[in-house]
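Analysis of the macromolecular model
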Amino acid sequence: MSHSNINVKDDEIDIVIGALCSDLTSFMNDWRPVFSRFHLIIVKDPDLKEELQIPEGFNVDVYTKTDIDRLVGSSSILFYGYSCRYFGFLVSRKKYIVSIDDDCTPAKDKDGSLVDIVAQHVTNLTTPATPFFFNTLYDPYRKGADFVRGYPFSLRNGVQCALSCGLWLNLADYDAPTQALKPELKNSRYVDAVLTVPARTLMPLSGINIAFDRELVGPALFPALRLAGEGKLRWETMEDIWSGMCAKVVCDHLGFGVKSGLPYVWRTERGNAVDSLRKEWEGVKLMEEVVPFFQTLRLKRTTVKAEDCVVEVAKEVKEHLGKVDPVFGRAAEAMVDWVRLWRAVGSSSS
Amino acid sequence: MASSSPATTPLLKDELDIVIPTIRNLDFLEMWRPFFQPYHLIIVQDGDPSKTIKVPDGFDYELYNRNDINRILGPRSSCISFKDSACRCFGYMVSKKKYIFTIDDDCFVAKNPSGEDINALEQHIKNLLSPSTPLFFNTLYDPYREGADFVRGYPFSLREGVPTAVSHGLWLNIPDYDAPTQLVKPRERNSRYVDAVLTIPKGTLFPMCGMNLAFDRDLIGPAMYFGLMGDGQPIGRYDDMWAGWCVKVICDHLGLGVKTGLPYIWHSKASNPFVNLKKEYKGIFWQEEIIPFFQSASLPRECTTVQKCYIELSKQVKQKLSKVDPYFDKLADAMVTWIEAWDELNPSAGSAKLANGTA
């Protein structure tokens, strides 16, 4: 069921796509009913040699390696692979960004209608989040729902939602070991809910289907953690998970909400989980190191801007995780570089 | 853990009691018969003890009215509410089983989106027999459900989960709204079937509704005290809420999990919102003090059993909430009385010693 949000104009939204695949024809045509109203930013993976193929009829700006090199110059940040999308976040001038992987197509909801992910993400971002107390009927602002008995009245105003994490039907975002062990495991369960992930609760924020309020938390989504064996399949990356954990800490600190649930996208096979197994283990091991760190991470009360939060997290990462694995030291450096870049290039809006 | 056919859920018919508070009648049991008949029922009859409540034929049950409660507990019966469904917790105390399922007498069998009757009890058992994951949120909800798993980025060291102490079910049709919401939205009905079970993260409180609830009595039983409500008390409709806040703080401390979501039951009766408003009125204001209290409550490491945690909580209630209203002083005392009564009726069971969860 699409909820068109009358208060948000189309020109406040950017759709950002990182193109890891050169032929975007079927992808764009599949999404045409949903995307054609909006401005699109497509960032081509600098590693991609072939020309991008994009069908007609879209309002789109394409950025390639040349643009990245020109704008970014020398930096510790690498925009290869899935990280290319962050360049799109940097150059966007809109308030809301919706970003999905280029192997996703529109899903159908329980009534068989096409899921308008933009409408749902924008609804999520423009209705309050409720991170301080769990509502057992999930999102209380949805039509047909409300706060339940026992929910404190003083918390019913909620807080601004900065991040909206959607889900995936068919090929869910499982790691390589899980998918390799259960090759037939496909997600066919459409869970008709949006909920706020409570404050101080950690979560794996998948970059496959997200949206965020750039004005609130733009600087907090960044390409920083690069696995030594990072590849061109989601099973071979951790960059979004790392960025997401930092973003959650920043949101919790600044009093913003993070929602998870609807909308769904339909995700298809690309690659083989078994082949990715070797590369995945690095990411899996690294996650074990970071959990205790993030569980106890608290930012200074005087840090009130998202970009300053990122710098502070980077400092803590360098201090506490730098000696655990050099990949964290590099991530911390990239985070600081990112904020510098953001301040120079990304901080303005139209 | 891959398997091609789902394991059948054990009935647990000798390990689970169904506790039902009632003041009217038990007609609703007829609809539940296919699902409830194998189990032992504990009926707690509220109100006038001279009234006879007929239990439909074929059910194995024990029934307690106020006279029974007074006889069994003696002076300690003061902790059990009268003229309020909070009295149901007496049933938890006298049960000798590991698991409890409690349901209200105006709750019926619901249908899932495919039109099939929902076996709520079976789902609760599934929830209780599989681990919870309070330390890290899984975006695909319960990873132990068939057709789901942990998502990418979920730490492997946390994939064993923790034991599940509570399974909190939901309601289709009449939602569990408070009186002000009922007054503003008298016709709202919950028609959204959310096909999920999820663990409520550690450190997060929630409003626990007692209409459709199951729990592991061995793991958390003594914390399921439903407080002082009803006759002679300044407040009502906060019994399950109070238990839920205590339970969550203790579960978080002991490293136990609380799940919410499926199963759904069909809630048929909307209680009178004006009557409800009178009962809830004080609670609406007191809640604003109670919630910060529970949010900041911490239990010392030495509290390694549910009883110890609960007694400690009662001390903190007396210390910090008495200034809100003298009621809390009484409630704190009643919490202690409840534990004394529980321990007397459940001597050898003692309390499962569990390692504290991480601070």
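Residue positions within a chain follow its written sequence, with the count starting from 1. The naming scheme follows written order: chains are lettered A onward, ligands numbered 1 onward. Predicted model: local features are reported for residues with pLDDT of at least 70 only, side-chain atom pairs are reported and counted for 80 or more only, and whole-chain, interface and lining totals are derived from all residues. Side-chain numbers here rest on the full set of heavy atoms in the structure, without hydrogens or water.

Stated precisely, the cut-off is as follows: UniProt positions are given in the numbering used here, feature names are shortened, and annotations may be inferred rather than shown by experiment.
Within an unreviewed UniProt entry, the label attached to chain B reads UDP-arabinopyranose mutase, and the organism entered is Ficus carica. Quoted verbatim from the Function (unreviewed entry) field of the UniProt record, the comment on chain B reads "Probable UDP-L-arabinose mutase involved in the biosynthesis of cell wall non-cellulosic polysaccharides." Its UniProt record gives chain B the following Sequence similarities (unreviewed entry) comment, quoted word for word: "Belongs to the RGP family."

An unreviewed UniProt entry annotates chain A as UDP-arabinopyranose mutase 5 of Ficus carica. Per UniProt, the comment on chain A under Sequence similarities (unreviewed entry) is "Belongs to the RGP family." Here is the UniProt Subcellular location (unreviewed entry) comment for chain A, exactly as written: "Golgi apparatus".

A look at the pattern of salt bridges
Filter applied, for reference: Any Lys or Arg side-chain nitrogen found within 4 Å of a carboxyl oxygen on Asp or Glu counts as a salt bridge. Between buried and exposed lies partly exposed: a residue is buried under 20% and exposed over 50% of the maximum accessible area for its type, with that area taken using a 1.4 Å probe on protein chains only. Runs of E in the DSSP output that reach at least two residues are strands. Runs of H or I that reach at least four are helices, and both are numbered from the N terminus.
Considering all chains together, one arrives at 48 salt bridges over all chains under this definition. The closest approach of N and O atoms between arginine 234 of chain A and aspartate 240 of chain A, which form a salt bridge, is 3.2 Å. Judged on exposure class, the residue arginine 234 of chain A and its partner aspartate 240 of chain A are both buried. For the salt bridge of aspartate 329 of chain B with lysine 318 of chain B, the shortest nitrogen-to-oxygen distance reads 3.3 Å. Here aspartate 329 of chain B is found in helix α10 (residues 326-345), whereas its partner lysine 318 of chain B is found in helix α9 (residues 306-321), with eleven residues between them in sequence. Judged by its relative accessible area of 33%, lysine 318 of chain B is partly exposed. The network of salt bridges with common partners includes Arg85, Asp101, Asp173, Arg234, Glu239 and Asp240 of chain A together with Arg152 of chain B.

Here we look at a nonpolar patch on the surface
This is how it is decided: Two distance rules govern patches: like charges are joined within 9 Å, and nonpolar side chains (Val, Leu, Ile, Met, Phe, Trp, Tyr) within 5 Å, applied only to residues with over 30% relative accessible area and no salt bridge. Here the open area of atoms and residues is found with the Shrake-Rupley method and a 1.4 Å probe, where only the protein chains shown may cover a residue.
Residues Leu183, Val184 and Phe274 of chain B make up a contiguous nonpolar surface patch of about 320 Å² in total accessible area. Tracing the backbone through its elements, the reader meets leucine 183 of chain B in helix α5 (residues 179-184).

Topic: the interface of chain A and chain B
Interface size is often expressed as the accessible area that is lost when the parts come together. This is how it is decided: Only heavy atoms enter the contact rule, under which two residues are in contact if any of them lie within 4.5 Å. Note on definitions: buried area is the accessible-area loss of two parts on being combined, 1.4 Å probe, summed for both. Side-chain atoms alone can form a polar contact between residues adjacent in sequence; in general such a contact is a pair of N or O atoms within 3.5 Å, and within protein one must be able to donate a hydrogen while the other accepts it. Asp, Glu, Lys and Arg are counted as charged, while Ala, Val, Leu, Ile, Met, Phe, Trp, Tyr, Cys and Pro are counted as nonpolar; the rest, among them Gly, fall into the polar class.
Across the boundary between the two partners, chain A contributes 62 residues, which contact 64 residues of chain B. Where chain A abuts chain B, roughly 5300 Å² becomes buried across the two surfaces, and 57% of that area is made up of carbon and sulfur atoms. Interface area lost by chain A to chain B is led by Phe134, Arg149 and Arg189 of chain A, which between them contribute 17%. At the junction of chain A with chain B, the criterion picks out ten salt bridges. The shortest N-O distance in the salt bridge between aspartate 195 of chain B and arginine 189 of chain A comes to 3.6 Å. Joining chain A to chain B, the criterion identifies 23 residue pairs in polar contact (both at pLDDT 80 or more). Counting residues per element, the side of chain A that touches chain B draws most heavily on helix α8 (residues 273-296) of chain A, which supplies five residues. Tallied by class, the residues present in the side of chain A that touches chain B amount to 33 nonpolar, 13 polar and 16 charged.

Considerations on the UniProt feature "glycosylation site" (unreviewed entry) in chain B
In this numbering, the UniProt entry assigns the feature "glycosylation site" (unreviewed entry) to Arg152 of chain B. Note that arginine 152 of chain B resides in the loop between α4 (120-129) and β6 (164-173). Filtering out sequence-adjacent residues up to four positions away, arginine 152 of chain B remains in contact with Asp173, Tyr174, Asp175, Pro204, Ser206, Gly207, Arg234, Thr237, Met238, Asp240 and Ile241 of chain A.

Quick notes on the packing of aromatic side chains
Heads up, the condition is: Two aromatic rings from Phe, Tyr or Trp, using only the six-membered ring of Trp, form a pair when their centres are within 6.5 Å; if the ring planes differ by under 30 degrees the pair is stacked, by over 60 it is edge-to-face, and anything between is tilted. In our convention, an over-ring charge means Lys NZ or Arg CZ found within 6 Å of a ring centre and within 35 degrees of that ring's normal.
Enumeration according to the criterion identifies 36 aromatic pairs over all chains in this entry. Relative to phenylalanine 328 of chain A, the ring of tryptophan 242 of chain A lies with its centre 5.5 Å away and its plane at 40°, an arrangement referred to as tilted. Here the residue tryptophan 242 of chain A occupies a position in helix α7 (residues 239-254), and phenylalanine 328 of chain A occupies one in helix α10 (residues 326-346), the gap between them amounting to 86 residues. With respect to class, tryptophan 242 of chain A is no different from phenylalanine 328 of chain A; both count as buried. Judged by centre distance (5.6 Å) and plane angle (50°), the rings of tryptophan 338 of chain B and tryptophan 342 of chain B are tilted. Of the two residues, tryptophan 338 of chain B and tryptophan 342 of chain B both sit in helix α10, four residues apart, roughly one turn of that helix. Using a relative accessible area of 3% as the deciding quantity, one classes tryptophan 342 of chain B as buried. Here a set of aromatic residues connected by ring pairs shows up, and it is made of Tyr63, Phe79, Tyr86, Phe87, Phe89, Phe212, Trp338 and Trp342 of chain A. Against the face of phenylalanine 153 of chain A rests arginine 156 of chain A, its NZ or CZ located 3.8 Å from the ring centre. Geometry around phenylalanine 156 of chain B places arginine 159 of chain B over its ring, the cationic atom sitting 3.7 Å from the centre.

Focus on the side chain of aspartate 176 of chain B
Positionally, aspartate 176 of chain B belongs in the loop between β6 and α5. Beyond its immediate chain neighbours, meaning those up to four positions away, aspartate 176 of chain B contacts Val148 and Arg149 of chain A together with Trp171, Cys209, Met211 and Met241 of chain B.

Quick word on the UniProt feature "site: Required for activity" (unreviewed entry) in chain B
UniProt tags Arg152 and Arg159 of chain B as "site: Required for activity" (unreviewed entry). Each residue touching arginine 159 of chain B, except ones within four places of it in the same chain, is listed here: Asp175 and Thr178 of chain A together with Tyr144, Phe150, Val151 and Tyr154 of chain B. A distance of 2.6 Å separates polar atoms of two side chains, one belonging to arginine 159 of chain B and the other to aspartate 175 of chain A.

Section: the pairing of β6 of chain B
Residue and element names in this part refer to chain B. Applicable threshold: Following DSSP output, two strands are said to pair if at least two bridges run between them.
When you tally the buried positions in β6, you get ten out of ten residues, the bulk of the element. With nine bridges connecting them, β6 and strand β9 (residues 257-267) associate as parallel partners. In the sheet register, glycine 169 faces β9, and the bridge partner there is glycine 261. For β6 and strand β8 (residues 212-216), the ladder comprises three bridges, and the chain directions are antiparallel. Within β8, the residue paired with valine 166 across the bridge is phenylalanine 215.

A look at the environment of alanine 334 of chain A
Residues and elements named next belong to chain A. The topology assignment puts alanine 334 in helix α10. C-alpha separation for the pair alanine 334 and isoleucine 77, spaced 257 residues apart in sequence, amounts to 5.2 Å. Beyond its immediate stretch of four places on either side in the chain, alanine 334 contacts Ser76, Ile77, Pro223 and Ala224.

A word on the nonpolar core
In plain terms, the rule: To qualify as a nonpolar core, a set must consist of buried Ala, Val, Leu, Ile, Met, Phe, Trp, Tyr and Cys residues joined through side-chain atoms within 4.5 Å.
Phe35 and Trp242 of chain A together with Ile220 and Trp242 of chain B are the most contacted members of the largest nonpolar core, which has 246 residues in total. In this view, tryptophan 242 of chain A contacts Phe222, Ala224, Leu225, Val290, Phe294, Val317, Leu321, Phe328, Ala331 and Met335 of chain A; residues no more than four positions away in its chain are not counted. The next biggest cluster of nonpolar side chains, apart from the first, holds six residues, and it includes Leu171, Leu233, Trp235 and Ala273 of chain A.

Quick word on unusual backbone geometry
If a residue is not glycine, its phi is most likely negative; likewise, a peptide bond is most likely trans. Looking along the chain, the bond that leaves leucine 262 of chain A and enters proline 263 of chain A is cis, with omega of 10°. Structurally, the position occupied by proline 263 of chain A is in strand β9 (residues 257-267). Non-glycine residue leucine 12 of chain B carries a positive phi angle of around 55°. At tyrosine 141 of chain B, a residue that is not glycine, the phi angle is positive and equals roughly 65°. Note on placement: tyrosine 141 of chain B falls in the loop between α4 and β6.

Focus: the pairing of strand β6 (residues 161-170) of chain A
All names here are of chain A. Of all ten residues in β6, ten are buried; the element is thus mostly enclosed. Relative to β9, β6 runs parallel, the two being bridged by nine bridges. Bridge pairing links leucine 169 to tryptophan 266 in β9. For β6 and strand β8 (residues 209-213), the ladder comprises three bridges, and the chain directions are antiparallel. Counted as the bridge partner of cysteine 165 is isoleucine 210 from β8.

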